[in-house]
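# Notes for the structure review
As a plain string of letters, each chain reads:
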Amino acid sequence: MQRPRCRAPYNPVMSETPFRAGHVAVVGRPNVGKSTLVNALVGAKVSITSNRPQTTRHRLLGIASFPHGQLLLVDTPGIHREQGKASSSAMHRWMNRAARGALEGVEAAALVIEAGRWDDEDALAYDALRAAKVPVVLVVNQVDRLKDKTALLPFLAKVSESRDFAAVHPVSALKRKGLEPLVDDLLKLMPEQPALYGEDEITDKSQRFLAGELVREQLMRQLGAELPYATTVEIERFEAEGAMFRIGAVVWVEREGQKAIVIGKGGSRLREIGSRAREAMERLFGTKVFLETWVRVRTGWSDDEAALRAFGYTE
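Residues numbered from 1 in each chain as written. Predicted model: local features only at pLDDT ≥ 70, side-chain atom pairs only at ≥ 80, totals over all residues. Heavy atoms only, no water.

### Focus: the packing of aromatic side chains
This is how the line gets drawn: Note on ring pairs: Phe, Tyr and Trp rings are taken, using the six-membered ring of Trp, and paired if centres are within 6.5 Å. Classes follow the plane angle, with under 30 degrees stacked, over 60 edge-to-face and the rest tilted. A run of DSSP states H or I qualifies as a helix once it reaches four residues; a run of E qualifies as a strand once it reaches two. Both are numbered from the N-terminal end. Each residue gets one of three labels from its accessible area relative to the maximum for its type: buried under 20%, exposed over 50%, partly exposed in between, using a 1.4 Å probe on protein chains only. For a lysine, the NZ atom is tested; for an arginine, the CZ atom; a charge sits over a ring if that atom is within 6 Å of the ring centre and within 35 degrees of the ring normal.
According to the stated counting rule, one finds four aromatic pairs in the structure shown. With 6.2 Å between their ring centres and 75 degrees between their planes, Phe238 and Phe285 make a pair best called edge-to-face. Placement of the pair is Phe238 in strand β7 (residues 232–241) and Phe285 in helix α8 (residues 268–285), with a sequence separation of 47 residues. Classification of Phe238 as buried rests on a relative accessible area of 18%. Ring geometry for Phe245 and Phe285: centres 5.7 Å apart, planes at 70 degrees, overall edge-to-face. Separated by 40 residues along the polypeptide, Phe245 in strand β8 (residues 244–253) and Phe285 in helix α8 bring together distant segments of the chain. Here a set of aromatic residues connected by ring pairs shows up, and it is made of Phe238, Phe245 and Phe285. Lys205 extends its terminal NZ or CZ atom over the ring of Phe209, reaching a point 4.7 Å from the ring centre. Over the ring of Phe290 we find Arg246, and its NZ or CZ is 4.7 Å from the ring centre.

### A short note on the sheet that holds strand β9 (residues 288–297)
The following threshold applies: Paired strands, in this sense, are two strands between which DSSP finds at least two bridges. Each axis is a line fitted through C-alpha atoms, and for a helix only the stretch in contact is used; angles between axes span 0 to 180 degrees, taken between their N-to-C directions. The criterion used for residue contact is that any of the two residues' heavy atoms lie within 4.5 Å.
Sheet architecture is open: three strands sit in the order β7-β8-β9, paired in mixed fashion. The open sheet has two free edges, formed respectively by β7 and β9, since each of these has just one partner strand. The mean angle between the axes of side-by-side strands here comes to 15 degrees, regardless of whether they run parallel or antiparallel. Taken together, the 10 bridges between β8 and β9 define a ladder with parallel strand orientation. Counted as the bridge partner of Val251 is Val295 from β9. In this fold helix α6 (residues 207–223) packs onto β7, β8 and β9, with an angle of close to 130 degrees to the strand it touches most, β7. Packing of helix α7 (residues 256–263) onto the sheet brings it into contact with β8 and β9, and relative to β9 it is tilted by some 155 degrees.

### Examining the confidence of the model for the protein chain
Interpretation of the predicted coordinates at a detailed level should be avoided for regions scoring low in pLDDT. Short version of the rule: Confidence scores per residue from the predictor, reported as pLDDT, run from 0 to 100.
Mean pLDDT over the protein chain: 86, with 83% of residues reaching 70 or higher. Here helix α2 (residues 90–101) is the element of the protein chain with the lowest mean pLDDT, 63, and strand β5 (residues 136–141) is the one with the highest, 98. Below a pLDDT of 50 lies the segment residues 5–14, which in the model reaches 29 contacts outside its immediate sequence neighbourhood of four places, other chains included. Every residue in residues 83–87 is under pLDDT 50, and counting partners more than four places away or in other chains gives five contacts.

Laid out in structure tokens, this is it:
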């Protein structure tokens, strides 16, 4: 997908160096701000965000172009341990495969963690990166949320002890702080070669795919506490009609009771989800959008490999 005209890429100030381009896997446990970081570097919203697990389910390429280089940022589902009934579902297994598969063919990885916190899942992600034998840049996100700023340096020293990081960068992806030196160090790890995508391209995903993700983002934001894992979105229709897109989206749930939750009293909740998703589409696509939404039931879809493939969860 190409960059909307109203958006501009993030351009750090760099010295005169050869042009470099390559792939960077953006890895970490769920909800540390991986997608927010990708969006900030790309300069447009290509990956959906919420404070709920499973927000990112697919591998997604964010294309960040700069004057002297291009980073192809592979946004991944969070790597997590598979334990218990919930994490052994087909969906969880697929997400872990997608996250680990994203490490293949990359020149480097950005391990994103939360400032002030390092736990077993962070260690799991680090071990996966070391096993993949790629240089690892540690990105310590959300430093703006640290109440005690003096604790940052001791935390960085402790996390870096006995671990091999190519560089360590405290950042705030949400506020776009600390990104310039991070970009510089990531580009140093890329090979010298021409850009792999046009400078106006922002992702390898289609507008149809992004439309489905923007509907799912609203589901996660508005219903995450009630239906954290039971929804997915299928785009049944995506048609250009003059300067307008006509889009038909189906929200799939696993039980009739969940369908009622998504629809809400008198259809109010589904209308709100559709309205906010449509507004997000219009901002991203730069055109008018007519969006229709429906809710349907497919029992046990999240633990059904065939259903996952039908809904676009492919390797």
